[in-house]
Amino acid sequence: TSGASLVRQMPPSAETRIEPVPPDCGAADAFLRSARRFVSDGQNAGLSSESRYALLYDGIHNATLAVLAAAGRRVTLGLGHHAKTIEEAGRLLGPESVEVIGRADSARRVRNRIQYETREVSESQALAMISDAETLLAMDTTYVRSHCCPADAPATNPPTAVTKRRVSRPPPPR
């Protein structure tokens, strides 16, 4: 049984949706730092094309999470939450992002085939992803900087709160 058929056999998850949350500049900045590391690592010519592609996709995904954190949005976990994250980031970034967001969504599908169907990608596909990842990272960084607080501001929510259901925590000591 291939990974793809196992994925299709999974029961559907709860509906994925966008929820408003307080904007979180600290989380947005943390996601951007993580995205930069993934994009940098994805340029390592010593890795396989599949590994590079997956790392570059992870950079794109984290960059889109930064946009959502800065905007005070989060995508609930469920079937299609990566697609919904990319879609919402594109909506927030505006019309100038349409082409690169479309390619990011295509990259999501290729990355899923790499992971769940053990498909291979060519070196040229991995190289093309570098350009898209860098372009989207630059757009997302500009968005975060223009819609959020300074990079050194403390997080108001932990970074995991952007993608996971909020857990009650006691207030921080004063």
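Each remark here, short or long, concerns the structure printed above.
Rules behind the numbers
Residues numbered from 1 in each chain as written. Predicted model: local features only at pLDDT ≥ 70, side-chain atom pairs only at ≥ 80, totals over all residues. Heavy atoms only, no water. Core = buried A, V, L, I, M, F, W, Y, C linked by side-chain atoms within 4.5 Å. Buried < 20%, exposed > 50% of the residue type's maximum accessible area, 1.4 Å probe, protein only. Helix = DSSP H or I, 4+ residues; strand = E, 2+ residues; numbered from the N terminus. Contact = heavy atoms within 4.5 Å. Expected span 1.5 Å × (residues − 1). Polar contact = N/O pair within 3.5 Å; in protein donor to acceptor, adjacent residues only side chain to side chain. Salt bridge = Lys/Arg side-chain N within 4 Å of Asp/Glu carboxyl O.

Peer 1: When you look at the nonpolar core in this model, what are you seeing that I'm missing?
Peer 2: Proteins that are soluble and globular tend to have nonpolar side chains buried together. Counting 39 residues, the largest nonpolar core has Tyr53, Met129, Leu136 and Val144 as the members making the most contacts within it. Sorting the residues of this core by element identifies α2 (25–41), α3 (49–71), α4 (81–93), α5 (98–117) and α6 (123–147) as the ones contributing at least two each. Among residues more than four places away in sequence, those in contact with valine 144 are Ala28, Leu32, Ala66, Val67 and Ala70.

Peer 1: I keep staring at α3 and nothing clicks. Help me out?
Peer 2: Helical geometry: 3.6 residues make up each α-helical turn, so side chains three or four residues apart lie on a common side. Its 23 residues place the ends of α3 33 Å apart at the C-alpha level, agreeing with the 33 Å of an ideal helix rising 1.5 Å per residue. Across the 23 residues that make up α3, a large majority, 19, are buried. One or two steps after α3, the chain reaches glycine 72, where phi turns positive at roughly 75 degrees.

Peer 1: Would you mind showing me how to read α2 here?
Peer 2: The end-to-end C-alpha distance of α2 is 24 Å, a good match for the 24 Å that 17 residues give at a rise of 1.5 Å each. Taken together, the buried positions of α2 are occupied by Cys25, Gly26, Ala27, Ala28, Asp29, Ala30, Phe31, Leu32, Ser34, Ala35 and Val39. On its buried face, α2 is in contact with α3 and α6. The N-terminus of α2 is capped by aspartate 24, whose side-chain oxygen sits 3.2 Å from the backbone nitrogen of glycine 26.

Peer 1: What should I look at first to understand the pattern of salt bridges in this one?
Peer 2: Two side chains bearing opposite charge may form a pair once their charged atoms approach each other closely. Scanning all chains against the criterion turns up 10 salt bridges. Notably, a salt bridge pairs arginine 17 with glutamate 19, separated by 3.0 Å at the nearest N-O pair. Of the charged contacts in the structure, one is a salt bridge between arginine 33 and aspartate 29, with a shortest N-O distance of 2.5 Å. Of this pair, arginine 33 and aspartate 29 both sit in helix α2, separated by four residues, roughly a single helical turn.

Peer 1: Help me understand the side chain of threonine 85 in this model?
Peer 2: Position of threonine 85 relative to the elements: it lies in helix α4. Within the structure, threonine 85 has its side chain in polar contact with the backbone oxygen of histidine 81 (distance 2.8 Å). Setting aside anything within four residues of it in sequence, one finds threonine 85 in contact with His61, Thr64, Leu65, Leu68 and Val75.

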